[in-house]
Amino acid sequence: MPDRYAVIGHPVTHSQSPWIHAQFARTTGQDIEYLRLEAPLDGFERTLDAFRAAGGKGANVTLPFKEAASRYCSELSARARAARAVNTLKFAGASRYGDNTDGAGLLRDLTVNLGRALTAQRVLLLGAGGAARGVLAPLLEAGPQRLVIANRTLPKAQALASEFAPARDGTRLQALGFEALGGESFDIVINATSAGLSGAALAIPVSVFRRGALAYDMVYGRETPFLALARASGAAAHDGLGMLVEQAAESFRLWRGVRPETATVLAALRAR
Ligand code: ATR
C-alpha cells in the first residue's frame, strides 16, 4: 500500500494540494496517496488521530488549523516555533513532528522563481496576523537592508517587531501604522493581510512602491485590490501561487527526502 498523506482543513474542497502532490509524486517516481481531509471545526485532533491510526504518514495543514496543529505536535522545528503555526506534519509511531514551510516557500518564490534577492532591499510587510508571523523569520534571515511591518492595528505590528528584534541581524526592523507610510517607499512590498480575500482595499499610499518595485500578494488566484494598486503604480505584481507550490515542495522533501522540480507544476497550475 502506498504511503498516505493528506491536506487537513475546513474547508478543503478547493485545495490544490492533492493535485500538486500528485504531480510531485509522478515526477519523482514516488508512490504516495494524498487525500483531502475535512475536519469539523471542533474536531481537528480527533480527525488527525483517526488518520494516523489508519496509517497516515503526514499532512499539510490549512486554515483554520495551523495554530491547533502546532499544539498537536510532540516536536516542532525552529521555524514552526517562531511562526507559532504548523503547515506540515510528519508522523512516525507516536512522534508528531511539526514544521512550517510557508516562509521558505515565499522566499524561494521571490528569490528563485522571480529572481529577486532580498539583500540590500527595502522590504515592506503588510499585516501582523498569522500569515505575517509565519514568514517573518525567513524574511529576516534573507538579510534585507530594512524591513517595515505595517498593520492597520499598529500595536500588533509593534508586538511582532519587538518579538523578532533579537533575530534581525543587520536588518533595520521597524513597525508602522498605515498612515505613517506616506513618506516611505520600498523595493519589495508583501501583502500578508487577509484583506484581499474579502476584496477589501488596503489604506496604503501608492507611493510605497518605488520605481522597479516588486509587489507580492500571498493570496492567489485572484486580482486583489492590492495587486491592482501595485500594477497601477508600475510595480511588477505577483500573486501567491508560486509560494503555494514551493511550500508544497518543501513539505514533500520533508516527507520523501527528495525535492521535486516546481517550475513545470507552477506553469501547469497557472494554465488550469
Ligand atoms: P491571518 O492569520 O490569516 O493572517 P489574522 O490573524 O486574522 O489572519 O490577521 C489578518 C491580518 O489582515 C491582520 O493584519 C489584519 O489587520 P488588523 O490586525 O488591523 O485586523 C489584516 N486585515 C484584514 N482585513 C483588513 C483590511 N480590510 N484592511 C487592513 N488590514 C486588514
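Our structure's up above, just so we're on the same page.
Let us look at the structure shown here. What you see is a predicted model; the values in this text were computed from it and never measured.

Parameters at a glance
Residues numbered from 1 in each chain as written. Predicted model: local features only at pLDDT ≥ 70, side-chain atom pairs only at ≥ 80, totals over all residues. Heavy atoms only, no water. Axes fitted to C-alpha atoms, helices over the stretch in contact; angles between N-to-C directions. Helix = DSSP H or I, 4+ residues; strand = E, 2+ residues; numbered from the N terminus. Left-handed = near helix turned anticlockwise from the far one by under 90°. Contact = heavy atoms within 4.5 Å. Nonpolar A, V, L, I, M, F, W, Y, C, P; charged D, E, K, R; others polar. Near = heavy atom within 4 Å. Polar contact = N/O pair within 3.5 Å; in protein donor to acceptor, adjacent residues only side chain to side chain. Areas by Shrake-Rupley, 256 points an atom, 1.4 Å probe, with all protein chains shown as cover. Salt bridge = Lys/Arg side-chain N within 4 Å of Asp/Glu carboxyl O. Buried < 20%, exposed > 50% of the residue type's maximum accessible area, 1.4 Å probe, protein only. Expected span 1.5 Å × (residues − 1). Phe/Tyr/Trp six-rings, centres within 6.5 Å; stacked < 30°, edge-to-face > 60°. Lys NZ or Arg CZ within 6 Å of the ring centre and 35° of its normal.

Describing the packing of helix H6 (residues 130-141) against helix H7 (residues 154-164)
Now for step 1: Two numbers describe how H6 lies on H7: the axes approach to 11 Å, and their chain directions differ by 40°. Crossing geometry of H6 relative to H7 is assigned as right-handed. Residues Ala132, Arg133, Leu136, Ala137 and Leu140 of H6 lie in contact with H7, whose contacting residues are Leu160, Glu163 and Phe164.
Now for step 2: Class assignment for the residues of the contact of H6 with H7 results in six nonpolar, no polar and two charged.

A look at the site of the ligand
Now for step 1: Among the 15 residues in the neighbourhood of the ligand, the closest are listed as Gly130, Asn151, Arg152, Thr153 and Lys156.
Now for step 2: Arginine 152 has a polar side-chain atom sitting 2.9 Å from an oxygen atom of the ligand.
Now for step 3: At 2.4 Å from an oxygen atom of the ligand is found a side-chain nitrogen or oxygen belonging to threonine 153.
Now for step 4: Coverage of the ligand by the protein chains reaches 72% of its 630 Å² of free accessible surface.
Now for step 5: Classifying every residue of the shell around the ligand by side-chain character gives six nonpolar, seven polar and two charged.

Quick notes on the pattern of salt bridges
Now for step 1: Tallying each qualifying case throughout the model produces 18 salt bridges.
Now for step 2: In this structure, the salt-bridge partner of arginine 259 is glutamate 250, at a minimum N-O distance of 3.3 Å.
Now for step 3: Judged by relative accessible area, arginine 259 falls into the partly exposed class, the value being 24%.
Now for step 4: A single network of salt bridges, built from pairs that share partners, joins Arg79, Asp99, Arg108, Glu246, Glu250, Arg253 and Arg259.

Here's the deal with helix H1 (residues 17-28)
Now for step 1: Taking 1.5 Å per residue as the helical rise, H1 with its 12 residues ought to reach 16 Å, and the 16 Å between its terminal C-alpha atoms agrees with that figure.
Now for step 2: Those residues of H1 that sit buried are Ser17, Pro18, Ile20, His21, Gln23, Phe24 and Ala25.
Now for step 3: In this fold, the buried residues of H1 make contact with strand S1 (3-9), strand S2 (32-38), strand S3 (56-61), helix H9 (241-256) and helix H10 (263-271).
Now for step 4: Immediately downstream of H1, the backbone of glycine 29 shows phi near 70°, a positive value.

Section: the packing of aromatic side chains
Now for step 1: Applying the stated criterion across every chain, the model contains six aromatic pairs.
Now for step 2: Aromatic pair tyrosine 34 and tryptophan 255: ring centres 6.3 Å apart, planes at 50°, arrangement tilted. Here the residue tyrosine 34 occupies a position in strand S2, and tryptophan 255 occupies one in helix H9, the gap between them amounting to 221 residues. Here tyrosine 34 matches tryptophan 255 in class, with each residue buried.
Now for step 3: The structure contains a cluster of three or more aromatic residues connected by ring pairs, namely Tyr5, Tyr34 and Trp255.
Now for step 4: Directly above the ring of phenylalanine 91 sits arginine 52, whose terminal nitrogen or CZ lies 5.5 Å from the centroid.

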